[in-house]
Amino acid sequence: MTVFAVEYVYAAESTEERNAVRPAHREWTAGLAQDGAILASGPYGDGAGALLIFKAADEAALNSILKQDPFAAAGVIAGTRITEWSPVTGMLAGLAA
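What this report covers is the structure whose coordinates are included nearby. On a predicted model such as this, the values are computed, not experimentally measured, just so you know. Throughout this description, residue numbers start from 1 for each chain and increase along the sequence as written. Local features are withheld for residues below a pLDDT of 70 in this predicted model, meaning they are given only at 70 or higher, and side-chain atom pairs are given and counted only at 80 or more; totals for whole chains, interfaces and linings count all residues. Computation of side-chain values covers all heavy atoms of the structure but excludes hydrogens and water.

A closer look at the nonpolar core
By nonpolar core is meant a set of buried Ala, Val, Leu, Ile, Met, Phe, Trp, Tyr and Cys residues that side-chain atoms within 4.5 Å join together. Only protein chains enter the calculation, and the probe is 1.4 Å; a residue is then buried if its accessible area is under 20% of its type maximum, exposed if over 50%, and partly exposed in between. By size, the foremost hydrophobic cluster in this structure holds 19 residues, and its most contacted members are Tyr 8 and Phe 54. Of all the secondary structure elements, the ones that give two or more residues to this core are strand E1 (2-10), helix H1 (15-35), strand E3 (49-56) and helix H2 (59-66). Excluding anything up to four places from it in sequence, Tyr 8 contacts His 25, Trp 28, Tyr 44, Ala 48, Gly 49, Ala 50, Leu 52, Leu 66, Asp 69, Ile 77, Gly 79 and Thr 80. Runs of E in the DSSP output that reach at least two residues are strands. Runs of H or I that reach at least four are helices, and both are numbered from the N terminus. Note on contacts: a residue pair qualifies if any of its non-hydrogen atoms lie within 4.5 Å across the two residues.

Below you can see the structure in the form of structure tokens.
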């Protein structure tokens, strides 16, 4: 499995829609965390986006997962940056194999 850092940039003026969809989004992330696919996730302090750390077989598998995010379906994500990541120190060290 590969570890990926996924950065969301929220669409401008999407706060109201994000607030409406957030319970479904959090249920989705909680299920993925329970399955071990999400290692950590949460919004940035300025509210402009979020960081999600995933384990997936490859980027294609990750993209399939991301398409299921209720935030994606609601159109509140203006941009996504996916970066393969190799944690070497800390609690997530050694997960990329």
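Back to the text.
Here we look at the side chain of Thr 29
You can see Thr 29 is positioned in helix H1. Thr 29 has contacts with Ile 38, Ser 41 and Leu 52, leaving out every residue within four places of it along the chain.

Remarks on the packing of aromatic side chains
Note on ring pairs: Phe, Tyr and Trp rings are taken, using the six-membered ring of Trp, and paired if centres are within 6.5 Å. Classes follow the plane angle, with under 30 degrees stacked, over 60 edge-to-face and the rest tilted. By the definition in use, this model includes 1 aromatic pair. Ring geometry for Tyr 10 and Phe 71: centres 5.8 Å apart, planes at 90°, overall edge-to-face. Of this pair, Tyr 10 sits in strand E1 while Phe 71 is found in helix H3 (residues 70-74), placing the two residues 61 residues apart along the sequence. With respect to class, Tyr 10 is no different from Phe 71; both count as buried.

Topic: the pattern of salt bridges
Each reported salt bridge corresponds to a side-chain nitrogen of Lys or Arg within 4 Å of a carboxyl oxygen of Asp or Glu. Across all of its chains, the model carries 1 salt bridge by this definition. The salt bridge involving Glu 7 is made with Arg 81; its shortest N-O contact spans 3.3 Å. With Glu 7 in strand E1 and Arg 81 in strand E4 (residues 77-85), the pair connects residues that are 74 residues apart, well separated along the chain.

Some words on the sheet that holds E4
Read across the open sheet, the 4 strands follow the order E2-E3-E1-E4; overall the sheet is antiparallel. Both edges of this open sheet fall to strand E2 (38-43) and E4, since each of them pairs with a single strand only. Ignoring which end each strand starts from, the neighbouring axes of this sheet average 15° apart. Strand pairing follows a simple DSSP-based rule, namely that at least 2 bridges must link the two strands. One ladder, built from 8 bridges, connects E1 with E3; its direction is antiparallel. Each bridged residue has a counterpart across the sheet, and for Val 3 the counterpart in E3 is Lys 55. Relative to the sheet, H1 contacts E1, E2 and E3, its axis offset from that of E2 by approximately 160°. Angles run from 0 to 180 degrees between N-to-C directions of axes, and those axes are lines fitted to C-alpha atoms, restricted for helices to the stretch in contact.

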